[in-house]
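# Inside the fold
Chain by chain, the residues:
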Amino acid sequence: MIVEAASDIARDFGPEYWREKDKKHEFPEDFWKTLVEAGFPGIIIPENYGGAGMGMYEMVLAMETLVSEGCGLAGEWFLCLSSIFGGLSIVQHGNEDQKKKYLPKIAAGLEFCLALTEPDAGTNTLNTRTSAVKDGSDYIINGQKMFISGADRAKGMVLITRTTPSEKVAKRTLGLSLFLVDLPNPAVEIIPIEKHGINYSKTFEVYFSDLRIPQESMLGEPDKGWYLILDTLNPERMSFSAASCGIGLLAIRKAVEYAKERKVFREPIGSHQAIQFPLAEAKSKIEAARLLNFKAAWLFDKKLPCGAEANMAKVAAVEAGTEAVYHAMQAFGGYGYATEYDVERWWREVNLIRLAPVTHQMALAFIGEHVLGLPKSY
Ligand SMILES: Cc1cc2nc3c(=O)[nH]c(=O)nc-3n(C[C@H](O)[C@H](O)[C@H](O)COP(=O)(O)OP(=O)(O)OC[C@H]3O[C@@H](n4cnc5c(N)ncnc54)[C@H](O)[C@@H]3O)c2cc1C
């Protein structure tokens, strides 16, 4: 049912729609409204809070289908911002009041964002400097975040702050705390960052100047934010693996259609092994990455350790997806460079997944250390 519903939506919001939205830097209001009406943001939200009560497996399936059937990265992006960054963080660590306040609204389309990255805390989250200082029953927040996607539209933000200075904690991984911040707020300033792709969604520098929020806005326990946010970052990896596989499948399908028609000498170009084999190889790698990603999602839903699978799936998916789009572009020849054929946009989109949410190197470092048992490389 999920695949059918997602395919129907993706057919209505196909590549031409996204070409236009990307070109005009325009938020896809009608697409988001359709997703909300079909219940997609609520997939991962429990039924008693207005959602469908399903898990990451179903979410990954929905995202992958939306992406591969025509939406490109957008099929994953908006659901990740609201349902995973916002919804799943609150499902896992919110108290009853926070769940009642936010979850039904997220299922009904309330937009969220995640503010983790800072100028000096990208790959190394433990360098977080944005501070939250206790003042009576409130916290006062000051600092800067980088690359915060959707901060212009979000009505809620999961914010990672430092509540205890790093020199005062017993362990490096302590001292960070999460907050739920209602937006917009005059103490939160956002400045757009021009970027290479995904121009239908904006990404920002965010400045906090004496933002006062009540103690009740803290998500989970104080000083344990590092451990709590990991529970959001694994599903985030799965969601971007779904996107990478989906973009790869979309690019392969379009390249195959083209390669069957396009004749340069006598036969269609798809009959040449130089065009056919790289696409066949990429398709095989994507199918393998999908299975690993489904396994990661299944483990997460069973509340079993899933970090190894989430990182390995991310590595496999980003390699396979990037390879697929690279060879698809080659199959299109010069037309692959023309915006009209969309491959160049998917190339811009898939390359983000090598850099975010976790960089390719850090996913490999995790596997090296935690799966292979090699010494920590950083
Ligand atoms: C379009 C876009 C949207 C984003 N949206 C969000 C968002 O909504 N919320 C949010 O919080 N963040 C967001 N990000 C931030 C993203 O998660 C970070 O860019 C990413 O985590 C990398 O951090 P950095 O850019 O600071 O890279 P750096 O940490 O500066 O790393 C630079 C390079 O060095 C490599 N490197 C660093 N240390 C090591 C090491 N020890 N071993 C090997 N290699 C190493 C990295 O892998 C990387 O290739 C977004 C980024 C982009 C581009």
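First things first, this report covers the structure right here in the doc.

Cut-offs and rules
- One numbering rule holds for all chains: residues counted from 1, following each sequence as written.
- Confidence filtering applies because this is a predicted model: local features only for residues at pLDDT of at least 70, side-chain atom pairs given and counted only at 80 or more, and all residues used for totals across whole chains, interfaces and linings.
- For the side-chain quantities, the full set of heavy atoms in the structure was used; hydrogens and water were omitted.
- The secondary structure listing takes helices from DSSP runs of H or I that are at least 4 residues long and strands from runs of E that are at least 2 residues long, numbered from the N terminus.
- For a compact globule the rule gives 2.2 Å times the number of residues to the power 0.38, and the radius of gyration it is set against comes from C-alpha atoms.
- What makes two residues a contact is simply this: any of their non-hydrogen atoms within 4.5 Å.
- Accessible surface is estimated by sampling points in the Shrake-Rupley manner with a 1.4 Å probe; for residues, cover comes only from the protein chains shown.
- A residue counts as positive if it is Lys or Arg and as negative if it is Asp or Glu; His and the chain ends are not included.
- Charged side chains are reduced to one point each, which is NZ for Lys, CZ for Arg, CG for Asp and CD for Glu.
- Note on exposure labels: buried denotes an accessible area under 20% of the residue type's maximum, exposed denotes more than 50%, and partly exposed covers the range between, all computed with a 1.4 Å probe on protein chains only.
- Throughout this description, the term salt bridge denotes a Lys or Arg side-chain nitrogen within 4 Å of a carboxyl oxygen of Asp or Glu.
- In these notes, a set of buried Ala, Val, Leu, Ile, Met, Phe, Trp, Tyr and Cys residues joined through side-chain atoms within 4.5 Å is what counts as a nonpolar core.
- Centres within 6.5 Å are what make two rings of Phe, Tyr or Trp a pair, Trp counting through its six-membered ring; a difference in plane orientation under 30 degrees is then read as stacked, over 60 as edge-to-face, and the rest as tilted.
- Near is defined per residue: the residue qualifies when any heavy atom it owns lies within 4 Å of the molecule or strand.
- Side-chain atoms alone can form a polar contact between residues adjacent in sequence; in general such a contact is a pair of N or O atoms within 3.5 Å, and within protein one must be able to donate a hydrogen while the other accepts it.
- Orientation is described by lines fitted to C-alpha atoms, with helices fitted over the stretch in contact, and by angles between N-to-C directions that extend from 0 to 180 degrees.
- Each angle is binned into one of four classes, with values under 35 degrees roughly parallel, values over 145 roughly antiparallel, values of 65 to 115 roughly perpendicular, and all other values oblique.
- Two helices cross in a left-handed way if the nearer one is turned anticlockwise from the farther one by less than a right angle. They cross in a right-handed way if the turn is clockwise.
- When residue character is reported, Ala, Val, Leu, Ile, Met, Phe, Trp, Tyr, Cys and Pro are called nonpolar, Asp, Glu, Lys and Arg charged, and the others, Gly included, polar.

### Focus: the overall build of the protein
- Scanning the protein for helices and strands turns up eleven helices and eight strands.
- In summary, the protein has a C-alpha radius of gyration of 21 Å against a globular reference of 21 Å for 378 residues, a match within 12%.
- Considering only C-alpha atoms, the protein reaches an extent of 80 × 50 × 40 Å along its principal axes.
- The long-range fraction of contacts in the protein, counting pairs at least 24 apart against all pairs at least 6 apart in sequence, stands at 73%.
- For the protein, the accessible area works out to roughly 16800 Å², and carbon and sulfur atoms hold 55% of it.
- Side-chain charges in the protein split into 41 positive and 48 negative, and the spacing between the mean points of these groups amounts to 2 Å.

### A short note on the side chain of Thr232
- The topology assignment puts Thr232 in helix H7 (residues 225-261).
- For Thr232, a relative accessible area of 1% puts it in the buried group.
- Leaving out residues up to four positions away in the same chain, Thr232 has contacts with Ile84, Phe85, Ser89 and Gln92.

### Things to note about the pattern of salt bridges
- Under the defined criterion, the tally for this structure stands at 23 salt bridges.
- As a salt-bridge pair, Glu118 and Lys145 come within 2.9 Å of each other at their nearest N and O atoms. Of this pair, Glu118 sits in the loop between strand S1 (112-115) and strand S2 (131-135) while Lys145 sits in strand S3 (residues 138-149); the two residues are 27 residues apart in sequence, bridging distant segments of the chain. Per residue, the accessibility class of Glu118 equals that of Lys145, and both read buried.
- With a shortest N-O distance of 3.8 Å, Arg266 and Glu267 are connected by a salt bridge.
- Residue Glu267 is classed as partly exposed on the basis of its relative accessible area, which comes to 32%.
- Three or more residues are tied together by salt bridges with common partners; here these are Glu64, Lys283, Glu287 and Arg290.

### A look at unusual backbone geometry
- Here the amide bond leading from Leu183 into Pro184 is cis, since omega sits at -5 degrees, within 30 degrees of zero.
- With respect to the helices and strands, the residue Pro184 is situated in the loop between strand S5 (176-182) and strand S6 (188-192).
- Along the chain, Ala356 connects to Pro357 via a cis peptide bond; the corresponding omega equals 0 degrees.
- As for its position among the elements, Pro357 is in the loop between helix H10 (343-352) and helix H11 (360-371).
- Within the chain, Asp223 stands out as a residue other than glycine whose phi angle is a positive 70 degrees.
- Mapped onto the elements, Asp223 comes out in the loop between strand S8 (218-219) and H7.
- Positioned with a positive phi, Lys303 is a non-glycine residue whose angle comes to about 60 degrees.
- Here Lys303 shows up in the loop between helix H8 (273-301) and helix H9 (307-331).

### Let's talk about the side chain of Asn311
- One can find Asn311 in helix H9.
- Given the relative accessible area of 1%, Asn311 is considered buried.
- Those residues within four positions of Asn311 in sequence are excluded, and the remaining contacts are Asn234, Arg237, Ala363, Phe366 and Ile367.

### Let's talk about the nonpolar core
- Counting residues in hydrophobic clusters, the biggest one holds 96 residues, and the most contacted among them are Trp18, Phe31, Phe40, Met56, Leu73, Phe78 and Met238.
- Here this core takes 17 residues from H7, the largest share from any one element.
- Setting aside chain neighbours within four positions, we find Trp18 in contact with Phe13, Pro28, Phe31, Gly70, Cys71, Ala74, Phe78, Tyr200 and Arg345.

### Considerations on the packing of aromatic side chains
- Summed over all chains, the structure comprises 19 aromatic pairs.
- When the ring of Tyr258 is compared with that of Tyr335, the centres are 6.4 Å apart and the planes differ by 50 degrees; the resulting orientation is tilted. Of this pair, Tyr258 sits in helix H7 while Tyr335 sits in the loop between H9 and H10; the two residues are 77 residues apart in sequence, bridging distant segments of the chain.
- The buried category is assigned to Tyr258, whose relative accessible area is 14%.
- Note on Tyr335: relative accessible area 38%, which makes it partly exposed.

### Comments concerning the site of the ligand
- In the neighbourhood of the ligand, 18 residues make up the surrounding shell, with Thr117, Thr123, Phe147, Ser149 and Thr359 lying closest.
- Here a nitrogen atom of the ligand and a backbone polar atom of Leu114 are 2.9 Å apart.
- Between the ligand and Thr123, the relevant distance is 2.7 Å, taken from an oxygen atom to a side-chain nitrogen or oxygen of the residue.
- In isolation the ligand offers 980 Å² of accessible surface; the protein chains occlude 67% of this area.
- For the shell around the ligand, the element with the most residues is S3, which contributes three residues.

### Quick notes on the packing of H7 against H9
- At their nearest, the axes of H7 and H9 sit 8 Å apart, and the two run at 20 degrees to each other. One finds that H7 runs roughly parallel with respect to H9. Note on packing geometry: the crossing formed by H7 with H9 is left-handed. Judged by residue contacts, Asn234, Arg237, Met238, Ser241, Ser244, Cys245, Ile247, Gly248, Ala251, Ile252, Ala255 and Tyr258 of H7 engage Gly307, Ala310, Asn311, Ala313, Lys314, Ala317, Val318, Gly321, Ala324, Val325, Ala328 and Ala331 from H9.
- Residues of the contact of H7 with H9, tallied by class, amount to 15 nonpolar, seven polar and two charged.

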